[in-house]
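Results of the structural survey
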Amino acid sequence: MTETVETEAGTARVTWHHAPEPRLLLAVSHGAGGGIEARDLQALAAALPAHGVSVALVEQPWRVAGRKVAPAPKTLDTGWRGLWPALARPGLPVISGGRSAGARVACRTATELGAHAVLALSFPLHPPGKPEKSRADELLGAGVPTLVVQGGNDPFGRPGEFPEGGFTLVEVPYGDHSFAVPKRAPVTQEAALQTVTDAVVGWAASLG
């Protein structure tokens, strides 16, 4: 089921994947360079409902409008805030999630919006090749239980680059920023995505 939601940043779109007996909702958005067709988002939408977690795949207004480039972080946050009432409407605890730029949005707004937890997929710890431009403060400031799922070869921040902090980090071996693995890697693409979904299923089960 798909619905459109009006926000101050424009019209957003939510594609719902309902669990038969939901106890949590994962609301998860895309990054700055792609949409909800991302392999990890689709894998989570397929896997989580069977584990009592409904999934709302969120398309930010800039993406719905057909623009190629994401707007400034402040505008992304505005769109996410505007969506939140629709996400909270089913009355379930909401895990605020996103991949890449969407993960930053989820971290920045989690406490303010009353998120139950944060799922950060491919958190862009820094721009590629610029580790001095760290965004660790956004991640560390989420203020709620946070799971980071990070590719072992992510140029935006490899798992070993992350600081110590109040979050859980799961590595997807050989994965890049999109969790794609090289054909020569000793793990398959299917196994890499299984690592993502297993990590999120297990973590979601641990949330009170």
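Provided above is the structure to which this section pertains.
Summarised in this report is the structure supplied together with it.

**What about the pattern of salt bridges?**
In a structure, side chains of opposite charge can pair up when their charged atoms sit close to one another. Applying the stated criterion across every chain yields a total of eight salt bridges. Notably, a salt bridge pairs Arg-81 with Glu-112, separated by 2.5 Å at the nearest N-O pair. On the criterion of sequence distance, the pair formed by Arg-81 in helix H3 (residues 73-88) and Glu-112 in helix H4 (residues 101-113) is long-range, its members being 31 residues apart. Taking the relative accessible area as the measure of exposure, Arg-81 reaches 34% and is therefore partly exposed. Overlapping salt bridges, with partners in common, bring together Asp-77, Arg-104, Arg-108 and Glu-138 in one network.

**Some thoughts on unusual backbone geometry**
Even without being glycine, Tyr-174 reaches a positive phi, approximately 70°. Looking at the element boundaries, Tyr-174 is found in the loop between strand E8 (168-172) and helix H6 (189-206). In this structure, Phe-179 takes a positive phi of about 65° despite not being glycine. By secondary structure assignment, the location of Phe-179 is in the loop between E8 and H6. Taking relative accessible area as the criterion, Phe-179 reaches 0% and is therefore assigned buried.

Definitions and limits used
- Residues numbered from 1 in each chain as written.
- Predicted model: local features only at pLDDT ≥ 70, side-chain atom pairs only at ≥ 80, totals over all residues.
- Heavy atoms only, no water.
- Salt bridge = Lys/Arg side-chain N within 4 Å of Asp/Glu carboxyl O.
- Helix = DSSP H or I, 4+ residues; strand = E, 2+ residues; numbered from the N terminus.
- Buried < 20%, exposed > 50% of the residue type's maximum accessible area, 1.4 Å probe, protein only.

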